[in-house]
Amino acid sequence: MDELAKRAIEVLHGNDRGTWTRPSPRLYPHQWSWDAAFVAMGWAQLDPVRALNELWSLLRGQWTTGMVPQIVFDLNVGRGRYEPGPNAWGTALNAPPGVATSGICQPPVHAIALARIREVAAGRNDGSLHEVDDAIVDLYPRLDRWHRWLRTARDPEGTGLITILHPWESGLDNSPRWDRPLSRVEPDELLDDLPRPDLTCVADPAERPTNPEYQRYRFLVDRLIAIDYDQDKAMEEHPFRVADVWFSAILASADDVLADLAPIAGRPEEGDRHRADAEHTRRALDTCWDEDLLACLDQDRITGRPIRSDTMGGFAPLIAGCDLDRSAVLVDRLFGPTYAGADGLAWPLPLTTATTDPRFDRRGYWRGPQWPPMTWLLWRALRMGGHTRSAATLRSNAIEQLRDTGCTEYVEPYSGRALGSDSQSWTAAVVLDLLSYDP
Ligand code: 9WN
């Protein structure tokens, strides 16, 4: 068997907890929301039913409001191994009985994962398609509620863009996109004993966010606890409120997928609603286009202004499925000299921040390095947008990189050094999906 595939399977098995998967053995010992979606696609290559369990395990934590939480905690993990841990979120009355969760969310990749599981099952001819289709009948309404929560609680004015209340909700936690809005967050008291177990899990603490960032992260969580996660209040007064274009674009694409899944779930009449939602978001993303940067910009909901930074977020229209003119511009930029085509890169793959952005940092967490799951999202977008040749190039470069770096969390783009955790589940999943793809 292919050595890389073997390594990826080892990583998934090594992080497997039976019905769910740790993102990595030491750094992230609980179940994370968008990781679970990617991981499910990885399991699909081995066992589509195991892949469904990954989604079901995550959905055990779905709140009655519809929110799918960023973390579903494993209560067997020792106290203090990950912070903020299960007792730090004040969510006991919000999460379903018997399940401990965080109180924020992450990008909605789940429907995309479910459709991919189905596609893989359909190619197996072993009866698993039947099981997946049965599961879709039950999973679809859960995902529908999740999307509806995002489109109401996090977009009460129906703008088509989803507001995040914490950088962790973006999944691209330390992107320069959040520097400005986060700099205005002023913790009223600083935790002297800020617990940072994460720093002991990486080779160099510089591979993780800084303490001042963590003080703000904890303060934002405390502010949400203080209002008991009341979303209406949060949308009016929370000190960090940003309409996140990358998150919104993922939702648009996931809505298109829900439209395709609706008939399988026995709800054909709901397809049009999802398509209209997706279209609404695509139009909203159009209004965030910056003609100078040739990028789509997040909108700070507190100042009412766009956040000018040249990052991967700018490619949101590609993820959402935009028109040909715009996607041609974005594909040029993606492979151009400030992103994948930058001089001196070990592999020509998308960067999380443009090399020309003043805050580009080749080692900084989400501030420059290449992240395999983000490469995967862009690869999928290229394929879906009909950019077949570019998609094929991206896939083969990504595989080449992964052969060298293994299932690492992220990659320093110039030296090609593996950074962060070295057994990251979603990277393993991306490996299996990329290798399996048969155009
Ligand atoms: C906070 C698990 C998660 C990913 C995020 C990544 C990182 C957590 C952390 O790890 O975030 O959610 O502790 O830094 O930024 O995208 O889901 O892999």
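No experiment lies behind these values; they were computed from the predicted model shown.

Rules used throughout
Residues numbered from 1 in each chain as written. Predicted model: local features only at pLDDT ≥ 70, side-chain atom pairs only at ≥ 80, totals over all residues. Heavy atoms only, no water. Patch = residues over 30% accessible without salt bridge, like charges linked within 9 Å, V, L, I, M, F, W, Y side chains within 5 Å. Areas by Shrake-Rupley, 256 points an atom, 1.4 Å probe, with all protein chains shown as cover. Salt bridge = Lys/Arg side-chain N within 4 Å of Asp/Glu carboxyl O. Lys, Arg positive; Asp, Glu negative; His and termini not counted. Charge placed at Lys NZ, Arg CZ, Asp CG, Glu CD. Helix = DSSP H or I, 4+ residues; strand = E, 2+ residues; numbered from the N terminus. Buried < 20%, exposed > 50% of the residue type's maximum accessible area, 1.4 Å probe, protein only. Near = heavy atom within 4 Å. Polar contact = N/O pair within 3.5 Å; in protein donor to acceptor, adjacent residues only side chain to side chain. 1 Å grid on protein atoms, 1.4 Å probe; cavity = no way out; pocket = protein on both sides within 12 Å on 5 of 7 lines; lining within 4 Å. Sits in = over half its atoms within 2 Å of the grid points. Nonpolar A, V, L, I, M, F, W, Y, C, P; charged D, E, K, R; others polar. pLDDT = per-residue confidence, 0-100.

> Is there a simple way to explain a negative patch on the surface in this structure?
On the surface, D188, E189, D192, D193 and D222 cluster together into a patch of negative charge. Mapped onto the secondary structure, E189 falls in the loop between helix 7 (179–183) and helix 8 (211–226). By relative accessible area, E189 is classed as exposed at 65%.

> What is the right way to read the pattern of salt bridges from this model?
Once the charged atoms of two side chains with opposite charge are near each other, the side chains can pair. In this structure the tally under the stated criterion is 33 salt bridges. Measuring nitrogen to oxygen at the nearest pair gives 3.6 Å for the salt bridge that ties E207 to R363. Taken together, the residues E207 in the loop between helix 7 and helix 8 and R363 in the loop between helix 13 (324–335) and helix 14 (372–384) connect sequence positions 156 residues apart. Residue class for R363 comes out partly exposed when judged on its relative accessible area of 25%. For the salt bridge of D357 with R359, the shortest nitrogen-to-oxygen distance reads 3.6 Å. A residue is classified by how much of its surface remains accessible, and D357, at 7% relative accessible area, is buried. A single salt-bridge network, built from bridges that share partners, covers D144, R148, R267, E270 and R273.

> I keep staring at the site of the ligand and nothing clicks. Help me out?
Surrounding the ligand, one finds 17 residues, the nearest of these being D35, Y82, G171, D173 and R208. Within the side chain of W34, an N or O atom sits 3.1 Å from an oxygen atom of the ligand. The contact in question runs from an oxygen atom of the ligand to an N or O atom on the side chain of D35, over 2.6 Å. For the ligand, whose unbound accessible area comes to 410 Å², protein coverage reaches 100%. In this structure, the ligand is accommodated by the largest cavity. Across the shell around the ligand, the residue classes tally to ten nonpolar, four polar and three charged.

> When you look at the confidence of the model for the chain in this model, what are you seeing that I'm missing?
When pLDDT is low, close inspection of the predicted coordinates is not appropriate. Of all residues in the chain, 100% have pLDDT values of 70 or greater, and the mean over the chain is 96. Mean pLDDT values for the elements of the chain range from 95 in helix 8 up to 99 in strand 3 (residues 163–164).

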